[in-house]
Protein chains: 2
Amino acid sequence: MMARSAAHAGLDLREACLAEALAIISTAGAEKLSLREVARRLGVSHQAPYRHFASRDHLLAEIVRGAFADFAAALRSPPHTDAPASDLLVMGMAYVGFATAKPLQYRLMFGGTLPDPRQHPEMMQGARDAFDVLREGIERMLAGRSEPHPRDVVDRNALFAWSSLHGVVSLLQTDAIGTLDLAPQTRAEFTLLALQKVGAALGIDTGNQEIGGDTQ
Amino acid sequence: MMARSAAHAGLDLREACLAEALAIISTAGAEKLSLREVARRLGVSHQAPYRHFASRDHLLAEIVRGAFADFAAALRSPPHTDAPASDLLVMGMAYVGFATAKPLQYRLMFGGTLPDPRQHPEMMQGARDAFDVLREGIERMLAGRSEPHPRDVVDRNALFAWSSLHGVVSLLQTDAIGTLDLAPQTRAEFTLLALQKVGAALGIDTGNQEIGGDTQ
DNA sequence: TGCCTTTGGTTGACAGTGTCAACAAATCCG
DNA sequence: CGGATTTGTTGACACTGTCAACCAAAGGCA
């Protein structure tokens, strides 16, 4: 019998399971995650991961918790400057960068097939933190313009920023968009263009506008 | 043995399978779709659906094809008026209405776990049609403003409209947003507010703006 | 230190799934 | 009408998540 907590590349079994599961998800998507495959890859019996996770959902919830924590950290990572509006745009770039670097992870986070959040209360802590980062960005921007920023105004705009960025990154990842007859340049430039438009919708001067009164 | 093509509520078996599968997807999500459950519900052997669909993916592809066709029809359904900008906003409402009425279907269409489009070429025809409807709406709007509307400009804006609407409806459906501490009113009003902002970003006068130079 | 409890692993079984394969009845078509 | 095709049934297989029992190692405590 295998010694307990045998080292797996320097990790105990629990951490090794998480790492392996994340690797599978990142390459094949969460729907392909099987705990038996995790066990096989780690050279343990199929039941061993269940010693550390009550069910597949518990393992997945831990992965998701970590993913949202990384997401919040990515939004928070650009340093603050004395230009809040610019900071908000940079945060938008960080958002896109995160989703683009880890598309399958992003899909898991927002794809609608998560373990039940009520059974796993810490799973979404990172999502709440991320929203707080967005709120803060909006609030700094409004304050920088000496505009009133009551809670509901901040929330609405933070939510709009989120939905817009989410729309850009998630739609571009779909097969539906993949099959459209779009010029390669339209695809390549779209994300940046969309960020500019979202910024404009939030009242940020992002430079040239194609629609909205200016000409390119 | 069961008579062939026995009537299932007036449908042949193939159509009955599609209807049953759609019912399961619409209530439990596509990840819960099992062809054995479809067969059980129809009172046929577990292998019978495979007489009409080579695999689960083939059945799913047919469901998705129909869903995108419905989607395109929903975008197209509002009648044209002599106000193209207004028509575009109404189309946005139709988009939201479709996604809101059938959330699990919408999630299937854009969720990233579809059968391979290369194996099922007709699956995305409705997506291309829908994009054409968006293009047409943008083109009419630009023409109505006597603005130039070369193909790339139309495409960029149609894609922006799509990503923004998609962002709104899909993000609001996620568990991440479900766990945020948002005032109920902020949630209730968000969709309409977001539509207004997207409209504004496309240069449509949608009335009061919270940010963007006007005050509410 | 020795014994009991807990932890963490192994093995086996079960139910459910998609799919492969063989068989048989019904239908089609020349 | 007879042979071919279509359409259904039944059974098997491999894979999955989970239940259950067993056992060795480790930990705790008198």
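Structure first, text after, so check above.
Thresholds applied
Residues numbered from 1 in each chain as written. Chains lettered and ligands numbered in written order. Predicted model: local features only at pLDDT ≥ 70, side-chain atom pairs only at ≥ 80, totals over all residues. Heavy atoms only, no water. Helix = DSSP H or I, 4+ residues; strand = E, 2+ residues; numbered from the N terminus. Expected span 1.5 Å × (residues − 1). Buried < 20%, exposed > 50% of the residue type's maximum accessible area, 1.4 Å probe, protein only. Least-squares fit on C-alpha atoms with pLDDT ≥ 70 in both. Contact = heavy atoms within 4.5 Å. Axes fitted to C-alpha atoms, helices over the stretch in contact; angles between N-to-C directions. Parallel < 35°, antiparallel > 145°, perpendicular 65-115°, else oblique. Nonpolar A, V, L, I, M, F, W, Y, C, P; charged D, E, K, R; others polar. Core = buried A, V, L, I, M, F, W, Y, C linked by side-chain atoms within 4.5 Å. Buried area = accessible area lost by both parts, 1.4 Å probe. Salt bridge = Lys/Arg side-chain N within 4 Å of Asp/Glu carboxyl O. Polar contact = N/O pair within 3.5 Å; in protein donor to acceptor, adjacent residues only side chain to side chain. Left-handed = near helix turned anticlockwise from the far one by under 90°.

## What to know about helix α7 (residues 151-172) of chain A
Turning to step 1, where the next piece is worked out: Taking 1.5 Å as the rise per residue, α7 of chain A with 22 residues should run 32 Å; its terminal C-alpha atoms sit 32 Å apart, in good agreement.
Turning to step 2, where the next piece is worked out: Where burial is concerned, most of α7 of chain A is hidden: 19 out of the 22 residues are buried.

## Focus on the relation of the copies chain A and chain B
Turning to step 1, where the next piece is worked out: For these two chains of identical sequence, chain A goes onto chain B by a turn of 180 degrees and a shift of 0.0 Å along the axis, with RMSD 0.0 Å. As the rotation angle and translation indicate, the two copies are arranged about a two-fold axis. Nearest to the rotation axis, the C-alpha of glycine 167 of chain A is located 1.7 Å from it, this being the minimum over chain A.
Turning to step 2, where the next piece is worked out: Looking at the interface residues of chain A, 100% of them are also at the interface in chain B, so both copies use one shared face.

## Details of the packing of helix α1 (residues 13-28) of chain A against helix α3 (residues 56-76) of chain A
Residues and elements named next belong to chain A.
Turning to step 1, where the next piece is worked out: Taken N-terminus to C-terminus, the directions of α1 and α3 make an angle of 75 degrees; their axes are 10 Å apart at the nearest point. The orientation of α1 relative to α3 falls into the category roughly perpendicular. The residues of α3 that touch α1, namely those facing Arg14, Cys17, Leu18, Ala21, Leu22 and Ile25, are Leu59, Leu60, Glu62 and Ile63.
Turning to step 2, where the next piece is worked out: Taken together, the residues that form the contact of α1 with α3 break down as 8 nonpolar, no polar and 2 charged.

## Focus: the nonpolar core
Turning to step 1, where the next piece is worked out: Counting 142 residues, the largest nonpolar core has Phe71 and Trp162 of chain A together with Phe71 and Trp162 of chain B as the members making the most contacts within it.
Turning to step 2, where the next piece is worked out: Those residues in contact with tryptophan 162 of chain B that sit more than four places away from it in its chain are Leu171, Ile177 and Leu180 of chain A together with Phe71, Tyr95, Phe110, Ala127, Phe131 and Leu134 of chain B.

## What to know about the interface of chain A and chain B
Note: interface size is frequently given as the accessible area lost on complex formation between the parts.
Turning to step 1, where the next piece is worked out: The partner chain B presents 56 residues to the 56 residues of chain A that form the contact.
Turning to step 2, where the next piece is worked out: In this assembly, chain A packs against chain B so that about 4,700 Å² is buried in total across both faces, 68% of it on carbon and sulfur atoms.
Turning to step 3, where the next piece is worked out: Where chain A meets chain B, there are 6 salt bridges.
Turning to step 4, where the next piece is worked out: For the interface between chain A and chain B, the tally reads 10 residue pairs in polar contact (both at pLDDT 80 or more).
Turning to step 5, where the next piece is worked out: For the side of chain A that touches chain B, the secondary-structure elements that each account for two or more residues are α5 (103-110), α6 (125-144), α7, α8 (175-178) and α9 (184-201) of chain A.
Turning to step 6, where the next piece is worked out: Sorting elements by how many residues they give to the side of chain A that touches chain B places α7 of chain A first, with 16 residues.
Turning to step 7, where the next piece is worked out: Looking at side-chain class alone, the side of chain A that touches chain B contains 28 nonpolar, 14 polar and 14 charged residues.

## Let's talk about the packing of helix α4 (residues 84-101) of chain B against helix α7 (residues 151-172) of chain B
Residue and element names in this part refer to chain B.
Turning to step 1, where the next piece is worked out: Axis separation between α4 and α7 bottoms out at 10 Å; the angle between their running directions is 35 degrees. Note that α4 runs across α7; the crossing there is right-handed. Taken together, the residues of α7 that come into contact with α4 (itself represented by Gly92, Tyr95, Val96 and Ala99) are Trp162, Leu165, His166 and Val169.

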